[in-house]
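Chain by chain, the residues:
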2 protein chains.
Amino acid sequence: MTNRKVVSFENIKVACKNCSLSTLCLPMGLSSEDVERLDSIIKRGRPYHRGDHLYRGGDKFQSLRVITSGSVKTYSPNEDGGEQVLGFHLPGELIGLDAIQDDHHNCSAVALETTAVCEVPFSQLESLSSLMPSLQHQMYRLLSREIGQETEMLTLLGKKSAEERLATFLLSFSERFKQRGFSPSDFFLSMSRHEIGNYLGLAVETVSRLFTRFQDEGLLHVERKHVQLQDLPRLYDIVQGADSIKSTQSRG
Amino acid sequence: MTNRKVVSFENIKVACKNCSLSTLCLPMGLSSEDVERLDSIIKRGRPYHRGDHLYRGGDKFQSLRVITSGSVKTYSPNEDGGEQVLGFHLPGELIGLDAIQDDHHNCSAVALETTAVCEVPFSQLESLSSLMPSLQHQMYRLLSREIGQETEMLTLLGKKSAEERLATFLLSFSERFKQRGFSPSDFFLSMSRHEIGNYLGLAVETVSRLFTRFQDEGLLHVERKHVQLQDLPRLYDIVQGADSIKSTQSRG
DNA sequence: AGATAATCTTGATCAGGATCAAGTCATTTA
DNA sequence: TAAATGACTTGATCCTGATCAAGATTATCT
């Protein structure tokens, strides 16, 4: 070890270079010196508890946030008092990108369970990205990826049946858990049925009925928030708009 | 003529500094020197005709494009041969941002009428933005704004009634035409009813019926693609989820 | 111009999923 | 441990908007 850097901050537990999430997060593709420069602007606060807000719509935008553990729901309050759930975010994911445009948050973010985040002061990140082309490039990519993800969601909400929506939702978590080294077929969902429904543009009752139906059909086992996917291929078929459950196994 | 090379005047008639769209477009907020540097990398090709593709899903991503006249539809082909319309784009709007993430286009863009665009080679733009913090900032803002716009669309598709969707659609055009110095209440829509329906997650027939109903209710006059909005305040009421048409004027 | 093909409108019927209503199960609190 | 509260499930009914079908209008082509 040539570099013996003494760090004086008291609450730093994790540095980017040691963080298992670096391949999903901002440092992706950065050289190790660059990672250190990035690391130097990142703040790590104490964890949020279930229900705590990371920020609320209208707050001044200061920092992007990367979830490091736990999970977060983002939502925007709509006119009539209700809310639209915009996304569920897992470790390694960046939130707050939508706030860059006008320097304040347009939506709110709330912890769904005990959650830790890295805060990245945006003005510093911006300055740094001017000096580091690879960081700038990574920022462009991340912003663009966010657009692409929302585009997929538009297709989901515009065209897909309830069944396709829930299957897509479940497989999205399956893939994201897998990326993070967890089981792609056995996991806990940290959000309520109500929140799932809101996110997918469905009523709670529909979500509940679909879980039951998927279970009856042997696609999965579900008990409260614990989901075990038992037939990934058929779930993928459903996502692709293949025949509905009924016809898939008609007269076996 | 000092210049012996004969240049098609399509190619040279606009420079950023003279372009009326600069307040909507990339140069927004740039100093005049910076605008010139930006201008130097921008290519202006000959116009596209109705139905011509600017790019298709799968194409290698080279350039962002700014519409300078006409209009463009972006869409992504989905599994079953159909398409999902992602947006309609007017002069001053930037398309292709979703392609940055993995260097190729995920969706297609087609001219809805005779359309001119500026092409902005992305790798050059990226280099330039490293040298020009104000350009970098503008890029972040534009990307972020795109995310915010898609977020609004998610809310539209997730929660709104057919009536609210069409009213929102019409007012979006109203506002965008107004921004561009055109009438906010008298304009031509360049896309078909089918495309409107696809974009809004509605069947063609529903769109057609809504136009008829809106007209019957005195909200607008419509004849084919020519729309005249006659009661903007009530359209805004509808967007906000206020009472539907029927109850708004019950027992007038 | 006349023929043909799209596009759009209108009407009739259908169905997916919302809403309403009730009951069950889990978790928290006292 | 019981009561209270909130989350989830299940059933019955309703309604919005899809689909099917036909006709009208407009655009395209030779």
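So, how was this worked out
- Residues numbered from 1 in each chain as written.
- Chains lettered and ligands numbered in written order.
- Predicted model: local features only at pLDDT ≥ 70, side-chain atom pairs only at ≥ 80, totals over all residues.
- Heavy atoms only, no water.
- Helix = DSSP H or I, 4+ residues; strand = E, 2+ residues; numbered from the N terminus.
- Buried < 20%, exposed > 50% of the residue type's maximum accessible area, 1.4 Å probe, protein only.
- Contact = heavy atoms within 4.5 Å.
- Areas by Shrake-Rupley, 256 points an atom, 1.4 Å probe, with all protein chains shown as cover.
- Pairing = 2+ DSSP bridges.
- Near = heavy atom within 4 Å.
- Polar contact = N/O pair within 3.5 Å; in protein donor to acceptor, adjacent residues only side chain to side chain.
- Nonpolar A, V, L, I, M, F, W, Y, C, P; charged D, E, K, R; others polar.
- Axes fitted to C-alpha atoms, helices over the stretch in contact; angles between N-to-C directions.
- Parallel < 35°, antiparallel > 145°, perpendicular 65-115°, else oblique.

### Some words on the overall build of chain A
The helix and strand inventory of chain A stands at eight helices and 11 strands. Within chain A, buried positions represent 52% of all 252 residues. Of all intrachain contacts in chain A linking residues separated by at least 6 positions in sequence, the fraction that spans at least 24 positions is 72%. Accessible surface for chain A amounts to roughly 12,400 Å². Of this, 49% is attributable to carbon and sulfur atoms.

### Regarding the pairing of strand β3 (residues 63-69) of chain A
Along a regular strand, successive side chains alternate from one face of the sheet to the other. All names here are of chain A. Of all the seven residues making up β3, five are buried; the element is thus mostly covered by neighbouring parts of the structure. Two elements, β3 and strand β8 (residues 116-121), share six bridges in a ladder whose sense is antiparallel. Each residue of the ladder has a partner; that of Ile 67, found in β8, is Val 117. In this structure, β3 lies alongside strand β6 (residues 94-95), joined through two bridges in antiparallel fashion. Paired with Val 66 across the bridge in β6 is Leu 94.

### Here's the deal with the protein's contact with DNA strand C
Surrounding DNA strand C, one finds 18 residues, the nearest of these being Ala162(A), Thr206(A), Ser208(B), Arg209(B) and Thr212(B). Counted by atom, the contact set of DNA strand C within 4 Å of the protein is 63% sugar and phosphate. A distance of 2.9 Å separates a base oxygen of DNA strand C from a polar atom in the side chain of Arg209(A). A distance of 3.4 Å is found between a phosphate oxygen of DNA strand C and a side-chain nitrogen or oxygen belonging to Lys225(B). Secondary structure elements with two or more residues in the surface near DNA strand C: α6 (204-216) of chain A together with α5 (193-200) and α6 (204-216) of chain B. The element that contributes the greatest number of residues to the surface near DNA strand C is α6(B), accounting for four residues. Considering only residue class, the surface near DNA strand C consists of three nonpolar, seven polar and eight charged.

### A short note on the sheet that holds strand β11 (residues 226-229) of chain A
Residues and elements named next belong to chain A. With antiparallel pairing, the three strands of this open sheet are ordered in space as β9-β11-β10. Whereas interior strands pair on both sides, the edge strands pair on one side only; in this sheet they are β9 (186-188) and β10 (220-223). Geometrically, the sheet is characterised by an average inter-axis angle of 15° between neighbouring strands, direction not taken into account. Sheet analysis places β10 next to β11, joined by four bridges and oriented antiparallel. When the bridges of β11 are listed, His 221 appears paired with Gln 228. Of the strands in this sheet, β9, β10 and β11 are in contact with helix α4 (residues 162-179), which crosses β9 at around 105°.

### Here we look at the packing of helix α5 (residues 193-200) of chain A against α6(A)
Axis angle and axis distance: for two packed helices, these are the angle between their axes and the distance between the axes, and together they describe the pair. Residues and elements named next belong to chain A. Interhelical geometry of α5 versus α6 gives an angle of 105° and a closest axis separation of 8 Å. As summarised for this structure, α5 and α6 are arranged roughly perpendicular, according to the angle between their axes. Note on element contacts: α6 touches α5 through Val 204, Val 207 and Phe 211, opposite Arg 193, His 194, Ile 196 and Gly 197. Class assignment for the residues of the contact of α5 with α6 results in four nonpolar, two polar and one charged.

### A few points about unusual backbone geometry
Not every positive phi belongs to a glycine, and Asp103(A) is a case in point at roughly 65°. By the secondary structure assignment, Asp103(A) is in the loop between β6 and β7 (108-111).

### As for the protein's contact with DNA strand D
The full set close to DNA strand D counts 17 residues, and Ser208(A), Arg209(A), Thr212(A), Ala162(B) and Thr206(B) are the nearest of them. Sugar and phosphate atoms constitute 66% of the interface atoms of DNA strand D, taking the interface as everything within 4 Å of the protein. Contact distances for DNA strand D include 3.0 Å between a phosphate oxygen and a side-chain N or O atom of Arg193(A). Between DNA strand D and Arg209(B) there is a distance of 3.0 Å, counted from a base oxygen to a side-chain nitrogen or oxygen. Those elements giving two or more residues to the surface near DNA strand D turn out to be α6 of chain A together with α6 of chain B. Here the surface near DNA strand D gets four residues from one element, more than from any other, and that element is α6(A).

These results come straight from atomic positions and should not be treated as a statement about function.
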